Amino acid sequence: MAMKYIKRQPPVRSRSKTLDILDKVINGLVEGNEKISITLVARAAGVTPGLIHNTYPAVAERIRVLMGKSVRAQCDSKHQALMAEKEKNRVLRAENDLLLEDLARIASVNQRLLFEIAELKAAGSGAVISISSKPRR
């Protein structure tokens, strides 16, 4: 006896039914004073978070506002963080420039001291007579 398999079709959803379901889920979470996020709403409504983001941007924005993170607030927050990081970067670059100047000065002093050490070693061994422009006492 051959068995026949019946291919099940996914339930047909209408945009208005999905919006109603999303609204009911959001209202239920708000009334229950529960944590709310796009992922939680999507899971409770039986849809994907991508569907909310892409098909129902007004619903996504409503959820963000309820979360305290409207798109504008997010942009402002990120802009302020970027400006703070740029200021830190500017300060660090200025400090780096000063350190590079100090390094060049110290390298010059170091080189001069190496020459003086070599001259003193040579003079101490008697191999070289030092002629100095400074009068000796």
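S.K.: Report on the overall build of the chain, specifying residues and quantitative values.
M.R.: If you tally the helices and strands in the chain, you get 5 helices and 0 strands. Along the chain, from the amino end to the carboxyl end, the secondary structure elements read α-α-α-α-α. Taken across its 137 residues, the chain has 13% of its residues classed as buried. For the chain, the proportion of contacts with a sequence separation of at least 24, taken over those separated by at least 6, is 47%. When the accessible surface of the chain is split by element, carbon and sulfur atoms take 59% of a total near 11800 Å².

S.K.: For helix H1 (residues 15–31), give the residues involved together with the corresponding values.
M.R.: The terminal C-alpha atoms of H1 lie 24 Å apart, and with 17 residues this matches the ideal 24 Å at 1.5 Å per residue to within 8%. Turning to H1, its buried residues number three or more, namely Thr18, Leu22, Val25, Ile26 and Leu29. One face of H1 carries all of its buried residues, which in axial projection span an arc of 95°. In this structure, H1 carries Lys17, Lys24 and Glu31 as exposed residues pointing more than 90 degrees from its buried face. Among the structural elements, helix H2 (38–45), helix H3 (49–55) and helix H4 (57–67) are those in contact with the buried residues of H1. Positive phi appears at Asn33, one or two residues downstream of H1, with a value of about 55°.

S.K.: Quick one: what's the story with the packing of H1 against H4, residue by residue and with numbers?
M.R.: Two elements in contact, H1 and H4, have axes separated by 11 Å at closest approach and are oriented at 5°. Relative to H4, the element H1 is oriented roughly parallel. Seen from H1, the contacting residues are Leu19, Leu22, Asp23, Ile26, Asn27 and Val30; seen from H4, they are Val59, Arg62, Ile63 and Leu66. Residue composition of the contact of H1 with H4, grouped by class: 7 nonpolar, 1 polar and 2 charged.

What counts and what doesn't
Residues numbered from 1 in each chain as written. Predicted model: local features only at pLDDT ≥ 70, side-chain atom pairs only at ≥ 80, totals over all residues. Heavy atoms only, no water. Helix = DSSP H or I, 4+ residues; strand = E, 2+ residues; numbered from the N terminus. Buried < 20%, exposed > 50% of the residue type's maximum accessible area, 1.4 Å probe, protein only. Contact = heavy atoms within 4.5 Å. Areas by Shrake-Rupley, 256 points an atom, 1.4 Å probe, with all protein chains shown as cover. Expected span 1.5 Å × (residues − 1). Arc of directions from axis to C-beta. Axes fitted to C-alpha atoms, helices over the stretch in contact; angles between N-to-C directions. Parallel < 35°, antiparallel > 145°, perpendicular 65-115°, else oblique. Nonpolar A, V, L, I, M, F, W, Y, C, P; charged D, E, K, R; others polar.

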